[in-house]
Amino acid sequence: MVTLKELVITTVQGADKKTVYDTIKQKRNFLQNNSQKQTLKHVVRNDVRNPEEDCFGVVIRAQLIDLYDTKQSVAIMNVTLAVKQYISKMIENSGPGMKVLLMDKETTSIVSVVYTQSEILQKEVYLFERIDSQNRDSMKHLKAICFLRPTKENVQHLIQELRRPNYSVYFIYFSNVISKSEIKALAEADEQEVVAEVQEFYGDFIAVNPHLFSLNLQGVARGRTWETSMLSRCTQGLTSVLLALKKCPMIRYQLSSDMAKRLAENVKQIITKEYELFDFRKTEVPPLLLILDRSDDAITPLLNQWTYQAMVHELLGLNNNRIDLSRVPGITKDLREVVLSAENDEFYANNLYLNFGEIGTNIKNLMEDFQKKKPKGQQKLESIADMKAFVDNYPQFKKMSGTVSKHVTVVGELSRLVSERQLMEVSEVEQELACQNDHSSAQQNVRRLLQNPRVSELDAVRLVMLYALRYERHSSSILSSLMEELSRRGVSERYRKMVQSVVEYGGKRIRGSDLITPTDAVAITKQFFKGLKGVENVYTQHQPLLHDTLDQLIKGRLKDSQFPYLGPSSLRDRPQDIMVFLIGGATYEEALTVYNLNRNTPGVRIVLGGSAIHNTKSFLEEVILATGHSGDRAQGSGRHSTRR
């Protein structure tokens, strides 16, 4: 009979992918048929360039194992589904029996946005632990599924875990490529031979929506250059997305941004180095990766938003699908933190991109349907306040329809903030600044709102920022006068300094594209929403710069002189699968743009990603860290975003 040792060395230099694939299957079958434990020291790394370099053998790479099968299938363009499939595969690989899921801080977020705890419980995962938590109990009746980023810290934690294992067997999955030296260190620590499997599963990003991903990073730039660790993390995250979607793309980047060029070069290096991982089924039109810089459009993240997901993030803050409502007046204990996930909340999924008025109408219709079932005590639901009162008065309804009570609470708080901060009036002037070219009207409206005591400090400052970006070089600019107005109304020095920081970050001197053009002077018809009483009408004139960039790209008109290809090749046909990455962070308004382009452009599939998903507050933190103009935060190193 063939021995395990003989099987371990059967991967030979120059073997084609099918041979490698079949060999791996043969090894797995051998181990299963001979009832031998597949220990870490027995696992084969499928590196066909230097197969005998590491006597320990290393990682079965998930992408390579799947490769032969996926040659026959169509790659997806859905980041949520990609991550869910990886996690399902991890749990499935561990077989039947009770399990613990061991994660780090980042992979906890990666898992939590695509799976609820109750969903994973149904797959016999009964315990969730952090690899860095101290004093975990020994539970030898549990199998451990480890999903970790391949960092030095995590490898050290894992080494300590394997030396004194708390669980019966370990299935280890790294979210990105791990080095041979680190695997060797793990193999040496596995003296009790408890590791059954080690794989690389490329889920090294947060799948926010099916077409939107984030790396949850804050402060990627120092001036106009990369913060070193952030370049590495963005490279890892972006290549992970490409592997998860099974794409080996042509790359274009924004020429005016040195950061975009460096990231493009780094991604290309990884594709070249790990060529066997990127050897996917060729498509008639190659996929395209477009790398852009946030500084080209500093206006979009400064605007108030009026679609549901974007508005929630702007006013309440979405952090890995969670909203902190603890400061909401009169909030009940069970609603202090709520989860908004399109994967598990049908109402949210259906209303994600609808405007505020429509959402209010849809909640009203839901609750009226319930009322029809009650023969007594019917009442009219004329406003958000009426709905909240109705929910509070019917505990049975609240129990049956937690989803509805959650959304009534969220929409109610949004409505309160809109009224309290006079955001309809503020937003109208923001839209005028972003889209029109009437300086006389703009300066009058900004002055008027700065003198309104109900306008918040943040809203006052963002109006001046938008004015500064819009009329930066206007001969009659009144910026200094507006800055004095901010000072008179008691706006903090930190906020006032941010005005100059925003211009330094995304002003005319920096921008590579025509963010503001003479055509903006066209008179724009005001469009009103019709909806629930109490949900006022708003304006939505603005289109982010990304819309024009993608529109030009799809039509084959995006200038090579501004967005060159990396390397000698270029795309002759209209692109079909497009991945866009925004250095410095994307926004939910841009995600809406991508959603609409996907829906309205047959044959084109776009996925948008960013180093973060910004609201105004987090964007201003990004600006401060990049420009180094304000206080202690400017001096700190880059860190993971809290996305407040």
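Residues numbered from 1 in each chain as written. Predicted model: local features only at pLDDT ≥ 70, side-chain atom pairs only at ≥ 80, totals over all residues. Heavy atoms only, no water.

Peer 1: Got a minute to help me understand the overall build of the protein in this structure?
Peer 2: Within the protein, the regular secondary structure consists of 25 helices and 20 strands. Burial statistics for the protein: of 644 residues in total, 57% are counted as buried. Here the contacts in the protein between residues at least 6 apart in sequence split such that 79% fall between residues at least 24 apart. Split by element, the accessible area of the protein, about 28,000 Å² in all, is 47% carbon and sulfur. (Helix = DSSP H or I, 4+ residues; strand = E, 2+ residues; numbered from the N terminus. Buried < 20%, exposed > 50% of the residue type's maximum accessible area, 1.4 Å probe, protein only. Contact = heavy atoms within 4.5 Å. Areas by Shrake-Rupley, 256 points an atom, 1.4 Å probe, with all protein chains shown as cover.)

Peer 1: Sorry, what's going on with the pairing of strand β16 (residues 577–583) here?
Peer 2: Strand residues, when the strand is regular, have side chains that alternate between the two faces of the sheet. When you tally the buried positions in β16, you get seven out of seven residues, the bulk of the element. By the alternation rule, side chains of β16 split into Asp577, Met579, Phe581 and Ile583 and Ile578, Val580 and Leu582, which are all buried. Examined bridge by bridge, strand β13 (residues 288–293) and β16 share six bridges and lie parallel to one another. Directly across from Ile291, in β16, lies its bridge partner Phe581. In the sheet, β16 pairs with strand β18 (residues 605–610) via six bridges, with the strands oriented parallel. (Pairing = 2+ DSSP bridges.)

Peer 1: Can you walk me through a positive patch on the surface in this structure?
Peer 2: Together, Arg224, Arg473, Lys508 and Arg509 line one region of the surface with positive charge. Structurally, Lys508 can be placed in the loop between α21 (493–506) and α22 (545–554). (Patch = residues over 30% accessible without salt bridge, like charges linked within 9 Å, V, L, I, M, F, W, Y side chains within 5 Å. Salt bridge = Lys/Arg side-chain N within 4 Å of Asp/Glu carboxyl O. Lys, Arg positive; Asp, Glu negative; His and termini not counted. Charge placed at Lys NZ, Arg CZ, Asp CG, Glu CD.)

Peer 1: Looking at this structure, I do not really get the nonpolar core. What am I missing?
Peer 2: The nonpolar side chains of a soluble globular protein tend to be buried, and buried together. Leu263 and Ile291 are the most contacted members of the largest nonpolar core, which totals 163 residues. Tallying contributions element by element places helix α19 (residues 457–470) first for this core, with ten residues. Residues Val155, Leu158, Leu162 and Leu186 belong to the second largest nonpolar core, which totals 22 residues. (Core = buried A, V, L, I, M, F, W, Y, C linked by side-chain atoms within 4.5 Å.)

Peer 1: Even after reading the chapter, I still don't get the pattern of salt bridges, so can you show me in this structure?
Peer 2: Two side chains carrying opposite charge are able to pair once their charged atoms lie near each other. Within this structure, the stated rule accounts for 26 salt bridges. Here Arg416 ties to Glu420 by a salt bridge, and the two come within 2.8 Å at their closest N and O atoms. With Arg416 and Glu420 both in helix α16 (residues 402–420) and four residues apart, the pair spans about one turn of that helix.

Peer 1: Looking at this structure, I do not really get the packing of aromatic side chains. What am I missing?
Peer 2: Think of a pair of aromatic rings as described by two things: how far the centres are apart, and how the planes are tilted against each other in angle. If you walk through the whole model with that rule in mind, you get ten aromatic pairs. Measuring from ring centre to ring centre gives 5.3 Å for Tyr467 and Tyr471, while their planes differ by 45°; the resulting arrangement is tilted. Since its relative accessible area comes to 3%, Tyr471 is described here as buried. Ring pairs connect the aromatic residues Tyr86, Tyr173 and Phe201, which therefore count as one cluster. Here the basic side chain of Lys84 rests over the ring of Tyr115, its NZ or CZ set 4.9 Å away from the ring centre. Directly above the aromatic system of Tyr471 lies the positively charged group of Arg470, at a separation of 5.2 Å from the ring centroid. (Phe/Tyr/Trp six-rings, centres within 6.5 Å; stacked < 30°, edge-to-face > 60°. Lys NZ or Arg CZ within 6 Å of the ring centre and 35° of its normal.)

Peer 1: How do you make sense of the pairing of strand β7 (residues 206–209) when you look at a structure like this?
Peer 2: Examined bridge by bridge, β7 and strand β8 (residues 212–214) share three bridges and lie antiparallel to one another. When the bridges of β8 are listed, Ala207 appears paired with Phe213. Between β7 and β8, which pair antiparallel one after the other, the connecting turn spans two residues.

Peer 1: Looking at this structure, I do not really get α21. What am I missing?
Peer 2: Turn by turn, an α-helix covers 3.6 residues, leaving residues three or four places apart pointing in a common direction. Helix length check: α21 (14 residues) gives 20 Å between terminal C-alpha atoms against 20 Å at 1.5 Å per residue, within 8%. When we look at burial in α21, the residues that qualify are Tyr495, Met498, Val499, Ser501, Val502, Val503, Tyr505 and Gly506. Lining the buried residues of α21 we find α19, α20 (479–488) and α24 (616–627). (Expected span 1.5 Å × (residues − 1).)

Peer 1: Looking at this structure, how should I read the confidence of the model for the protein?
Peer 2: When pLDDT drops low, the exact placement of atoms in the prediction is not to be read closely. Model confidence for the protein is summarised by a mean pLDDT of 82, while 77% of its residues fall at 70 or above. Confidence drops under pLDDT 50 across residues 1–22; counting only partners more than four residues distant or on other chains, this segment forms 43 contacts. Within the model, pLDDT remains below 50 along residues 631–644, and this stretch shows 43 contacts once partners closer than five positions in the same chain are excluded. (pLDDT = per-residue confidence, 0-100.)

Peer 1: Sorry if this is basic, but what is going on with a nonpolar patch on the surface here?
Peer 2: A cluster of nonpolar residues, Met98, Leu121 and Tyr126, forms a patch on the protein surface that exposes about 270 Å² of accessible area. By the secondary structure assignment, Met98 is in the loop between α4 (79–93) and β2 (99–103). Residue classification places Met98 among the partly exposed positions, given a relative accessible area of 39%.

Peer 1: It is not clear to me how the sheet that holds β7 should be interpreted in this structure. Could you clarify?
Peer 2: Backbone-to-backbone hydrogen bonds join strands into a sheet, with any given pair of strands oriented parallel or antiparallel. Read from one edge to the other, the open sheet built from six strands follows the order β7-β8-β18-β16-β13-β12, with strand pairing classed as mixed. Two strands bound the open sheet, and with one partner strand each, they are β7 and β12 (250–253). Between one strand axis and the next, the sheet turns through 25° on average, direction left out of account. Across the face of the sheet, helix α9 (residues 228–245) comes into contact with β8, β13, β16 and β18 while running at roughly 165° to β16. (Axes fitted to C-alpha atoms, helices over the stretch in contact; angles between N-to-C directions.)

Peer 1: I would appreciate a short explanation of the packing of helix α17 (residues 423–435) against α19 in the present structure.
Peer 2: A pair of packed helices is characterised by two quantities: the angle between their axes and the separation of those axes. In contact at an axis separation of 9 Å, α17 and α19 are set at 10° when each is read in the N-to-C sense. In terms of their interaxial angle, α17 and α19 are classed as roughly parallel. Residue-level contacts link Leu423, Val426, Val429, Glu430 and Leu433 of α17 to Asp459, Arg462, Leu463, Leu466, Tyr467 and Arg470 of α19. Residue classes in the contact of α17 with α19 are distributed as seven nonpolar, no polar and four charged. (Parallel < 35°, antiparallel > 145°, perpendicular 65-115°, else oblique. Nonpolar A, V, L, I, M, F, W, Y, C, P; charged D, E, K, R; others polar.)

Peer 1: What is the right way to read the packing of helix α11 (residues 308–315) against α16 from this model?
Peer 2: Packing of α11 against α16 leaves a shortest axis separation of 11 Å and a crossing angle of 65°. Seen along the crossing, α11 lies across α16 with a hand that is left-handed. Counting all contacts with α11, which are made through Tyr308, Met311, Val312 and Leu315, the residues of α16 involved are His407, Val410, Val411, Leu414, Leu417 and Val418. For the contact of α11 with α16, a count of residues per class yields nine nonpolar, one polar and no charged. (Left-handed = near helix turned anticlockwise from the far one by under 90°.)

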